[in-house]
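Per-entry structural report
What follows is the residue order along each chain.
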Amino acid sequence: MDFTFSEEEEALRDEVQAFIKDNFTEEVLADLTTGKRGRGFGPKAAPIFRKIAERGWNAIVWPKAYGGQGGSRITQFLVEEEFYRAAQVVIGGGGTGTPAVLASGTEAQKQHYVPAAIRREIIFCQGYSEPHCGTDLAGVRCRATRTGEGDDIHYVVNGQKIYTTNAQVATHIFLLVRTDPESRRHAGLSILLVPMDTPGITVRPLLTVQNEPGGPAGTTYGEERTNEVFFDNVKVPASCLLGEEGDGWAVSQRGLNLDRVGAWRYLISVKRDEDIVNWLKSGDERAAPLKDDAAVRDKVAELWIEGQVCRLMTMRSMTIEQRGQAFNYEGAAEKVWAPEHGVRTTEAIGQMLGPHAQLLNGSPDNVQDGLYAHNLLSAFQSTVNHGSVQVMRDQIARKGLGLPKPRK
Amino acid sequence: MDFTFSEEEEALRDEVQAFIKDNFTEEVLADLTTGKRGRGFGPKAAPIFRKIAERGWNAIVWPKAYGGQGGSRITQFLVEEEFYRAAQVVIGGGGTGTPAVLASGTEAQKQHYVPAAIRREIIFCQGYSEPHCGTDLAGVRCRATRTGEGDDIHYVVNGQKIYTTNAQVATHIFLLVRTDPESRRHAGLSILLVPMDTPGITVRPLLTVQNEPGGPAGTTYGEERTNEVFFDNVKVPASCLLGEEGDGWAVSQRGLNLDRVGAWRYLISVKRDEDIVNWLKSGDERAAPLKDDAAVRDKVAELWIEGQVCRLMTMRSMTIEQRGQAFNYEGAAEKVWAPEHGVRTTEAIGQMLGPHAQLLNGSPDNVQDGLYAHNLLSAFQSTVNHGSVQVMRDQIARKGLGLPKPRK
Amino acid sequence: MDVLPDEQETLIQETAREFFAAESTPALVRAAEKDPSRYSAALWKKIADLGWLGISLPEDCGGQGLPLTYAGLLLEEAGRAIAPVPLHGTLVAALVLARHGSAAQRALLRQVVQGELILSFAVQGLQGAWSPAAEGLTGRAEGEYVVLNGSRTFVDGFRESGHCLVLYQAEGDGVAAALVDTTSAGMRGTDYVTTAKDSQARVDFDNVRVPKSALVGEPARGAAIARDLCDYAAALMTSQLAGATRRDMEFAVEYAGQREAFGQPIGAFQAIQHLCADMLIAVDGAELLVHEALWRLDQGLPASIEVSQAKAFAGDKCIFVARSAQQIHGGIGFMMEFDLQLWYRRIVAWSLRCGSVREHRQQVAAALLEQPGKVRLGMPLVPA
Amino acid sequence: MDVLPDEQETLIQETAREFFAAESTPALVRAAEKDPSRYSAALWKKIADLGWLGISLPEDCGGQGLPLTYAGLLLEEAGRAIAPVPLHGTLVAALVLARHGSAAQRALLRQVVQGELILSFAVQGLQGAWSPAAEGLTGRAEGEYVVLNGSRTFVDGFRESGHCLVLYQAEGDGVAAALVDTTSAGMRGTDYVTTAKDSQARVDFDNVRVPKSALVGEPARGAAIARDLCDYAAALMTSQLAGATRRDMEFAVEYAGQREAFGQPIGAFQAIQHLCADMLIAVDGAELLVHEALWRLDQGLPASIEVSQAKAFAGDKCIFVARSAQQIHGGIGFMMEFDLQLWYRRIVAWSLRCGSVREHRQQVAAALLEQPGKVRLGMPLVPA
């Protein structure tokens with residue numbers, strides 16, 4: 001066991017913090033907040049991502065052969081944590097897409113997608129959920145029909161995706177489709193990497209409860225916008241197929257160990273634990289009576305300790321990744337504990353702040369620009385997305401504890 | 001809506017309290033505590049039960065035709081509450097047996113059992129659970145074979161029951177048996193009212209976690225002893241059959257509305273809410289710092305409010321009974337809320353008392369004779385017995401909310 | 001003892017339920033959110049026409065004189081339909097005036113009953129504390145006037161109300177109440193932006209001159225009036241909250257019965273079933289507690305602790321229910337175009353209004369621990 | 001950063017697990033409960049023979065010199081098998097002596113390692129407060145002696161221990177520690193009757209004369225020694241508690257996989273599955289927290305807050321796990337003749353020992369709120 005970062009890692013943390021201080025000016029942060037409102041990352045923020053890529057910080061863990069640093073998962077986490085803390089920016093190289101391409105792509109695909117994703121020239125969004133199936137992805141109906149001959153072999157995609165976060169800024173969609181119309185459930189699915197500028201793709205914004213007014217910078221839960229994506233006879237070259245046709249379920253699972261854990265998930269779950277402590281110490285007149293209330297103190301300590309468990313579970317996941325081991329139940333456990341902790345913290349803070357916890361961004365008398373009120377509107381979302389806590393608990397019980405499936 | 005007892009009821013309460021003061025002397029209370037240890041109610045307590053029966057207080061709600069008062073369920077509750085509060089005595093006329101006899105018995109059975117049960121000459125114990133089936137009673141295997149002719153038609157019972165509380169003092173067992181060996185689940189079951197002195201019945205004591213040392217007077221959870229009951233070719237006259245042969249499931253359900261609710265269940269769930277408040281005010285040196293701790297106060301208030309919900313749910317059940325309506329989900333809801341509240345209170349008090357919450361009856365430095373420590377040993381039992389909270393929640397969801405059964 | 005609604009209560013409740021279901025549609029709620037007044041004048045008129053604004057006001061004020069439990073059931077149903085009307089503020093202020101107001105003030109209630117006069121009330125100071133101590137606003141006697149200085153916060157419906165029932169600290173005289181004309185000089189309302197998108201406001205008082213005729217009750221009765229105001233407000237807020245929460249739970253149950261995943265309606269999964277069972281228990285508990293509190297208030301029995309019990313429980317549990325309803329809905333519940341969030345946002349706000357869980361528990365704890373004698377559940381507590 | 005046991009740690013843990021599974025059977029545990037000493041001398045001897053009593057003691061004291069995390073893993077495994085031996089008290093006192101004791105005191109550790117000397121420690125006063133402030137026992141200097149008066153409570157293994165490491169308040173000198181011969185005149189132990197049926201006792205001191213050679217460390221270091229004692233004790237109690245709780249959870253999972261109801265193993269029901277999932281998360285959390293605390297203690301880093309975090313979390317969650325394990329077992333779990341209750345009774349006791357949830361949270365809250373500067377998870381806190 002070892003519960004510290006190495007000296008080299010701490011030196012890197014200093015370097016990253018200095019970079020952030022120099023680059024994430026008020027102007028840039030405002031630009032990023034606008035970006036979170038669904039209008040792109042804006043001119044001021046874009047150059048900073050280039051600089052981050054130049055330093056390799058968004059690709060520490062990827063193989064050198066594809067533009068990465070071949071470094072450690074722990075180091076990557078440390079850097080991601082700093083960027084997310086400073087500006088709620090996820091710097092990882094391409095979200096779901098890059099790991100899947102590395103795990104299942106052809107050499108040509110790896111060379112094409114990974115370095116470009118690291119340089120942020122390719123940005124994936126994730127085309128999984130459909131209106132009738134969110135958690136149960138094996139019900140996917142979006143159809144891709146293989147057709148054509150010779151050099152023109154291609155797929156024609158028809159259907160709809162929903163809750164496609166960042167579809168409005170992505171260059172590609174990592175698309176789960178049904179290629180075999182006779183298939184059921186997990187069989188007959190495939191993954192296509194589809195450029196978003198392909199004719200026949202329509203993106204329709206879906207506004208969320210966070211949209212009116214938008215949350216302040218630092219709100220960790222809930223984009224103000226997500227999307228529906230419609231596919232109307234979209235022609236996709238066969239070269240966009242990732243892995244084997246019909247093997248889409250396995251392809252989508254491979255390399256997804258980290259989809260439910262890591263710096264982003266950790267910080268959206270625990271950031272308010274820190275914020276409320278710092279606010280209680282801030283000297284705000286409304287904080288003073290709370291700070292000395294033993295009931296508030298007991299609750300703050302309880303939440304803080306729960307937050308430490310979030311951190312240690314995250315470190316456990318990073319340890320497993322770094323060791324090259326496979327998750328059993330640990331990712332699912334983290335995806336239950338951390339989001340539900342975030343909800344507990346959010347609601348407990350609501351009870352501490354009382355009526356002020358209603359006041360959103362832009363309201364007179366609000367607390368920290370309505371940060372906690374916006375959290376109340378959406379913290380629970382994290383218990384739903386990327387696998388609901390119910391499904392995660394099923395996995396823990398079956399995989400982690402070997403409990404039996406219900407008899408049919 | 002009406003949230004008070006009537007003036008007549010309050011006058012009766014005064015009368016009952018005066019009776020208790022006069023009759024439940026220290027000596028009698030000690031005798032009753034011994035009784036709870038599984039050695040019968042003893043010579044000192046027995047006459048008091050006769051006096052209670054003479055006043056009709058244990059049969060207020062039963063029909064006059066069978067020795068009852070034909071009175072109100074609410075009044076009956078009020079009286080039961082006083083006796084349980086004073087001495088943890090359940091004065092109801094015959095527990096599960098009497099209501100079932102009233103609901104399903106022949107006229108002769110009613111005349112035979114009910115008045116005798118009111119006079120406490122008949123005491124039923126409940127023969128439901130078997131080693132392989134506790135919650136799922138439809139799995140009962142205890143066999144009763146009908147045989148003989150003419151006046152000698154009888155059943156021969158073979159099998160085993162478990163967790164038969166009070167089998168050592170009961171005169172009769174209310175016995176769920178399988179009369180049709182070919183039957184499955186709820187079909188083919190019957191109820192027999194079997195005298196405990198019938199040859200072939202063996203009672204074996206089962207000691208519980210409360211047994212060593214025994215809890216102090218006032219411990220509301222957990223007898224120190226329950227029993228296994230073995231049936232070895234026990235010959236039972238056919239006249240002991242309650243209801244129709246094969247109709248045992250329905251017979252056992254009828255008249256059982258109040259099995260999971262009422263004064264006893266209410267008080268075992270909430271009594272510690274009162275006790276801890278009174279102890280905090282008692283002047284005990286260990287209480288002083290707790291009483292002024294806002295975290296303790298917040299928790300005490302939270303539990304108290306939960307206790308009020310227990311009370312109001314109980315009053316709701318009594319209202320439904322008094323109105324002659326049937327329960328939908330309300331009994332099940334009370335059987336979830338009240339026992340789980342009792343567990344929350346018990347564990348919260350443990351955290352308040354800290355190390356002293358380990359100290360049992362007879363220990364130096366214990367708090368209130370180890371009352372709270374004994375509670376810690378067994379409060380959860382109430383979430384299991386008489387229908388587990390899991391099964392109760394199933395019922396609430398299916399009956400109360402109309403949610404569907406899982407598809408096979 | 002009979003803790004369930006009787007036939008007449010059930011009749012009124014069902015009538016109100018049908019009315020609000022038909023009239024307070026999600027489209028109307030959405031429209032009101034965009035309206036500067038934040039309420040629907042048309043719906044308000046219809047409610048007035050039914051006589052419901054006077055449901056628990058005395059007959060000599062033009063009311064129906066029904067027990068306060070009826071007002072509670074009405075608020076539950078209005079809450080159920082998240083009706084965009086200033087019902088809570090108006091009823092609370094009117095009930096206080098009916099009990100403590102001058103003849104002239106009571107005469108105003110006829111206008112209230114007819115829907116011509118909206119009322120609001122103002123209790124909290126800048127700290128947001130829910131307390132009859134009236135901190136944060138002081139009144140200085142000047143001849144025939146009282147001059148108010150300070151602030152009130154979380155005043156719902158202030159902008160549309162003609163009069164606001166204001167608690168303040170009278171110099172040398174303790175807590176007092178005045179029915180202040182909202183157009184008085186020096187009074188300035190600033191709208192909050194709340195999760196409920198409702199009409200709560202901060203009201204600043206800068207030398208606001210209030211004629212002594214506007215004072216409510218004798219000076220010696222100030223504390224009792226303030227106590228009544230807080231009790232009515234917190235109890236009826238709990239009714240409204242419980243009503244909205246029950247509907248929210250029903251949405252989740254309906255959705256769970258229809259939405260399929262893994263080859264079943266999700267409502268067939270035990271995890272969802274048990275969650276729904278707990279939601280039902282929570283709403284029932286809040287409702288039972290507030291019914292008892294309102295019944296005691298109506299009977300003139302001490303009820304402050306029962307009110308605190310109800311609001312503390314509902315403030316804690318209703319958020320649990322509403323969040324669980326969101327969780328059962330998955331992504332769709334989070335979308336603006338889906339109606340569920342209309343309920344969620346209000347349940348969040350209402351659970352925080354008229355006293356936080358923490359504050360109400362403090363009242364209960366004080367009554368338990370600071371009063372002499374042993375406690376027993378079922379025997380009423382007296383505030384410390 | 002690598003928060004899971006490495007190969008060598010895993011090896012030791014597995015070895016200990018096998019040993020205790022074979023040697024510390026439920027029959028042995030039951031026999032020890034009936035034995036006046038409340039422990040198994042035979043098992044103690046076997047543990048000593050394996051060298052484990054010195055696992056984290058320095059080599060110059062006859063120990064193996066392995067990091068404190070190894071002692072933690074050993075306690076987890078002893079706890080897993082609820083081994084009836086005075087391991088916790090002996091190890092805690094020995095660790096403090098190894099770090100702060102005189103040469104003579106350190107020399108005693110060889111006897112400890114060989115299993116010939118059992119140690120205990122005494123921290124709490126009559127109020128039961130878990131604190132290094134040493135309230136409730138005072139020491140007055142008299143020539144070459146210190147005279148102790150007062151009481152210590154919840155002293156585990158006192159009766160069988162040869163020496164007891166006692167915290168007291170030295171007149172004018174603050175907190176101090178002494179290694180007191182348990183046969184000293186004026187010292188009287190009274191056995192408690194605990195849920196664990198263990199050997200905790202109250203120890204009263206009536207003019208107990210302790211030679212100055214028995215004092216531990218320089219007077220100026222008293223507070224640091226007391227802090228270490230409390231940290232070692234609470235951390236290793238958490239290890240023992242987490243180990244027992246993991247086994248208890250496993251019993252429930254095994255039972256749920258076999259016991260049938262309604263035509264299924266009960267472990268196939270989602271309600272049971274989800275409960276078990278939460279139990280696993282809880283135990284994992286306690287284990288991760290205590291591993292970090294022990295690792296920091298071993299590295300000589302400030303660790304008191306990490307210890308409090310671990311004990312507060314475990315004190316809360318382990319009871320939840322154990323109670324749930326009982327609940328899953330239904331009636332049988334409640335029966336004396338069934339083994340499950342052996343674990344439950346100890347988990348109750350251990351979760352209450354060495355500081356309650358409330359007390360440890362107070363420490364964490366003070367570190368969060370009373371120290372200057374902003375907090376950040378992952379950056380250590382300093383006790384206030």
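Residues numbered from 1 in each chain as written. Chains lettered and ligands numbered in written order. Predicted model: local features only at pLDDT ≥ 70, side-chain atom pairs only at ≥ 80, totals over all residues. Heavy atoms only, no water.

1. Observations regarding the overall build of chain A
Regarding its fold elements, chain A presents 13 helices and eight strands. Here the C-alpha radius of gyration of chain A, 22 Å, is about what a compact globule of 408 residues would show, namely 22 Å. Reported as C-alpha extents along the three principal axes, the dimensions of chain A are approximately 75 × 55 × 45 Å. The 408 residues of chain A split such that 62% are buried. If you sum the accessible surface of chain A, you get close to 14800 Å²; carbon and sulfur atoms cover 48% of it. Across chain A, the centroid of the 46 positively charged side chains sits 4 Å from that of the 52 negatively charged ones. (Helix = DSSP H or I, 4+ residues; strand = E, 2+ residues; numbered from the N terminus. Rg over C-alpha atoms; globule rule 2.2 N^0.38 Å. Buried < 20%, exposed > 50% of the residue type's maximum accessible area, 1.4 Å probe, protein only. Areas by Shrake-Rupley, 256 points an atom, 1.4 Å probe, with all protein chains shown as cover. Lys, Arg positive; Asp, Glu negative; His and termini not counted. Charge placed at Lys NZ, Arg CZ, Asp CG, Glu CD.)

2. Some details on the relation of the copies chain C and chain D
You can overlay chain C on chain D at an RMSD of 0.0 Å; the transform is a turn of 180° with a shift of 0.0 Å along its axis. What we have between these two chains is a two-fold relation. The fraction of interface residues of chain C whose copies in chain D are also interface residues reaches 100%, indicating that both copies meet through the same surface. (Least-squares fit on C-alpha atoms with pLDDT ≥ 70 in both. Contact = heavy atoms within 4.5 Å.)

3. Here's the deal with the packing of helix α4 (residues 73-87) of chain A against helix α8 (residues 263-280) of chain A
Residue and element names in this part refer to chain A. Look at α4 against α8: their axes get within 10 Å of each other, and the N-to-C directions meet at 50°. The orientation of α4 with respect to α8, classified from their angle, is oblique. Here the hand of the crossing between α4 and α8 comes out right-handed. Only A263, W264, Y266, L267, I268, K271 and E274 of α8 make contact with α4, whose side of the interface consists of F77, E80, E81, Y84 and R85. Residue classes in the contact of α4 with α8 are distributed as seven nonpolar, no polar and five charged. (Axes fitted to C-alpha atoms, helices over the stretch in contact; angles between N-to-C directions. Parallel < 35°, antiparallel > 145°, perpendicular 65-115°, else oblique. Left-handed = near helix turned anticlockwise from the far one by under 90°. Nonpolar A, V, L, I, M, F, W, Y, C, P; charged D, E, K, R; others polar.)

4. Considering the domain arrangement of chain A
All names here are of chain A. Domain annotation for chain A reports domain 1 (7-93), domain 2 (124-244) and domain 3 (260-400). The straight-line distance from the C-alpha centre of domain 1 to that of domain 3 is 23 Å. Opposite the 10 residues of domain 1 that make contact, domain 3 presents 15 residues. Of the roughly 1100 Å² buried between domain 1 and domain 3 on both sides combined, carbon and sulfur atoms contribute 71%. (Domains from an automatic or database assignment. Buried area = accessible area lost by both parts, 1.4 Å probe.)

5. Quick look at the interface of chain A and chain D
Taken together, the contacts link 54 residues of chain A with 57 residues of chain D. Linking chain A with chain D are 10 salt bridges. Between A:R316 and D:D284 there is a salt bridge, with the nearest N and O atoms lying 2.7 Å from each other. Between the two partners, chain A and chain D, sit 28 residue pairs in polar contact (both at pLDDT 80 or more). (Salt bridge = Lys/Arg side-chain N within 4 Å of Asp/Glu carboxyl O. Polar contact = N/O pair within 3.5 Å; in protein donor to acceptor, adjacent residues only side chain to side chain.)

6. What about the domain arrangement of chain C?
Residues and elements named next belong to chain C. Here chain C is described as being made up of domain 1 (7-118), domain 2 (121-219) and domain 3 (223-369). The gap between the C-alpha centroids of domain 1 and domain 3 is 21 Å. Facing the 22 residues of domain 1 at the interface are 32 residues of domain 3. Linking R30 and D339 is a salt bridge whose minimum nitrogen-to-oxygen distance equals 3.0 Å. Taken together, domain 1 and domain 3 are joined by 15 residue pairs in polar contact (both at pLDDT 80 or more). When residues of the side of domain 1 that touches domain 3 are traced back to their parent elements, those giving at least two are α2 (26-34), α4 (68-80) and α5 (87-100).

7. So, the packing of aromatic side chains
Residues and elements named next belong to chain A. Applying the stated criterion across every chain yields a total of 36 aromatic pairs over all chains. Aromatic pair F24 and F83: ring centres 6.1 Å apart, planes at 70°, arrangement edge-to-face. Linking F24 in the loop between α1 (7-23) and α2 (26-39) with F83 in helix α4, this pair joins segments that are 59 residues apart in sequence. Each member of the pair, F24 as well as F83, carries the same accessibility label: buried. Arranged with centres 6.2 Å apart and planes meeting at 55°, the rings of Y128 and F174 form a pair that is tilted. Taken together, the residues Y128 in the loop between β1 (124-127) and β2 (143-147) and F174 in strand β4 (residues 172-178) connect sequence positions 46 residues apart. With a relative accessible area of 8%, Y128 lands in the buried category. Overall, F174 belongs to the buried group, its relative accessible area being 0%. (Phe/Tyr/Trp six-rings, centres within 6.5 Å; stacked < 30°, edge-to-face > 60°.)

8. Describing the interface of chain C and chain D
Chain C puts four residues into the contact, and the matching count from chain D is four residues. At the boundary of chain C with chain D, total buried surface from both sides reaches about 320 Å², with 53% on carbon and sulfur atoms. At the surface where chain C touches chain D, the tally comes to three residue pairs in polar contact (both at pLDDT 80 or more).

9. So, the side chain of B:K291
Note on placement: B:K291 falls in helix α9 (residues 288-291). Take B:K291: its relative accessible area is 18%, and that puts it in the buried class. Residues within four places of B:K291 in sequence aside, it is in contact with B:L280, B:K281, B:R297, C:L369 and C:E370.

10. Thoughts on unusual backbone geometry
Note that the residue after A:E212, namely A:P213, is joined by a cis bond; omega there is 0°. If you trace the backbone, A:P213 turns up in the loop between β6 (201-207) and β7 (225-237). The backbone phi angle of B:N166 is positive, close to 65°, even though this residue is not glycine. By the element assignment, B:N166 lies in the loop between β3 (154-162) and β4 (172-178). Judged by relative accessible area, B:N166 falls into the partly exposed class, the value being 28%. In this model, D:R38 sits at a positive phi of 65°, which is unusual for a non-glycine residue. Among the structural elements, D:R38 can be located in the loop between α2 (26-34) and α3 (41-49).

11. Notes on the pairing of strand β7 (residues 200-211) of chain D
Residues and elements named next belong to chain D. Bridge count for strand β3 (residues 145-156) against β7 is nine bridges, and the pairing is antiparallel. Paired with Y145 across the bridge in β7 is P211. Note that strand β6 (residues 187-191) and β7 share five bridges and pair antiparallel. Across the sheet, M187 pairs through a bridge with F205, a residue of β7. (Pairing = 2+ DSSP bridges.)

12. Concerning the layout of surface pockets
In this model, the second largest pocket occupies a volume close to 960 Å³. B:R85, B:K271, B:D275, B:Q368 and C:K374 are, among the 45 residues lining the second largest pocket, the residues nearest its centre. Those elements that provide at least two residues to the lining of the second largest pocket are α2 (26-39), α4 (73-87), α8 (263-280) and α12 (371-378) of chain B. The biggest single contributor to the lining of the second largest pocket is α2(B), with seven residues. For the lining of the second largest pocket, a count of residues per class yields 17 nonpolar, 14 polar and 14 charged. (1 Å grid on protein atoms, 1.4 Å probe; cavity = no way out; pocket = protein on both sides within 12 Å on 5 of 7 lines; lining within 4 Å. Points joined across faces, edges and corners; volume = space filled by probe spheres on them.)

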